[in-house]
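Tertiary structure, described
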Amino acid sequence: PENVLVVVNQSSDLSRNVADYYVRKRAIPKQNVCTIKTTADETVARKTYDSELAAPIANCLMTRGLVESVLYLLTTAGVPLRVHGATSMTGDAASVDSELTLLYSIIKGQKPSTTGPLTNPFYKRREVAFAHPLFPIYLVTRVAGYDLHDAKAIVDRALTARNTGKVVLDLRATGGEGDEWLRSAAIFLPRDRVLLDETTDPVYGATDVIGCASWGCNDSQRKKGKGGFTWLPGAIMTEFVSTNGRTFQR
């Protein structure tokens, strides 16, 4: 718990309620709760991000002596999602959570570019435990959903998660780097717990799933919006789709 900083938007009832629930369930210390005051809109201007999100969060970390001990920033539903800007690969549009990873290096006096991609220093470093100052970033995660019920359920299910179930790795089978990522992932997982599908047919109806990675709607053979999986508590998933998580408004 002492390695987590919970970010709460005072202007959002949902953010306050989600944060309160998470803090109680995870026994987060009081000093590790950072309250900011900004709009509850999903998109903010760059200057609003700088002054109403980045600056007060950095201040919480510095004034409370948490810069090194905090490894995770946890944003809550009701904290803005996006920073407005140009949406090309060299543009300055950004995910709020992605931008917040850079707070550590900014506090240390660096000035990362606001345009284009940056290299993740933790990429492929499986053999090294994440810690400062070796990795000059924060790991940022978010507890969010369509409503408070969704967010509470995420917290509760994570607390009952167990290391059981299968991992579905669903290739598009048309070649390319993404399929190689999935094949590589299969190598590092227990063989008897991996469903590695190398056909062009999408996987539907898998049961007892604790993890999944696939091409989602970027698989031209996928004809159904939902895969019909049965998920275990605490399951994780990702899709090679750039528009995931773009809004939490119904």
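How each quantity is defined
- Residues numbered from 1 in each chain as written.
- Predicted model: local features only at pLDDT ≥ 70, side-chain atom pairs only at ≥ 80, totals over all residues.
- Heavy atoms only, no water.
- Disulfide = S-S within 2.5 Å.
- Helix = DSSP H or I, 4+ residues; strand = E, 2+ residues; numbered from the N terminus.
- Buried < 20%, exposed > 50% of the residue type's maximum accessible area, 1.4 Å probe, protein only.
- Salt bridge = Lys/Arg side-chain N within 4 Å of Asp/Glu carboxyl O.

Brief notes about the state of the cysteines
- Inspection of the entire model under this criterion finds 1 disulfide.
- Residue Cys 34 pairs covalently with Cys 60 via a disulfide, S to S 2.3 Å. Taking the torsion about the S-S bond as the criterion, the Cys 34 to Cys 60 disulfide, at about 80°, is right-handed. With a gap of 26 residues between them, Cys 34 in strand E2 (residues 33-36) and Cys 60 in helix H2 (residues 46-63) connect regions that are remote in the sequence.
- For Cys 34, a relative accessible area of 0% puts it in the buried group.
- On the basis of relative accessible area, Cys 60 is assigned to the buried category, the value being 7%.

With respect to the pattern of salt bridges
- All chains considered together, the criterion is met by 12 salt bridges.
- Between Glu 42 and Arg 82 there is a salt bridge; the shortest N-O distance is 3.9 Å. Pair noted here: Glu 42 is in the loop between E2 and strand E3 (43-44) and Arg 82 is in strand E5 (residues 82-83), with a separation of 40 residues, a long-range link.
- The exposure class assigned to Glu 42 is buried, which follows from its relative accessible area of 14%.
- Under the relative-accessibility criterion, Arg 82 is labelled partly exposed at 30%.
- Linking Asp 97 and Arg 142 is a salt bridge whose minimum nitrogen-to-oxygen distance equals 2.9 Å. With Asp 97 in helix H3 (residues 96-100) and Arg 142 in strand E7 (residues 139-143), the pair connects residues that are 45 residues apart, well separated along the chain.

Shape descriptors only; they carry no functional weight alone.
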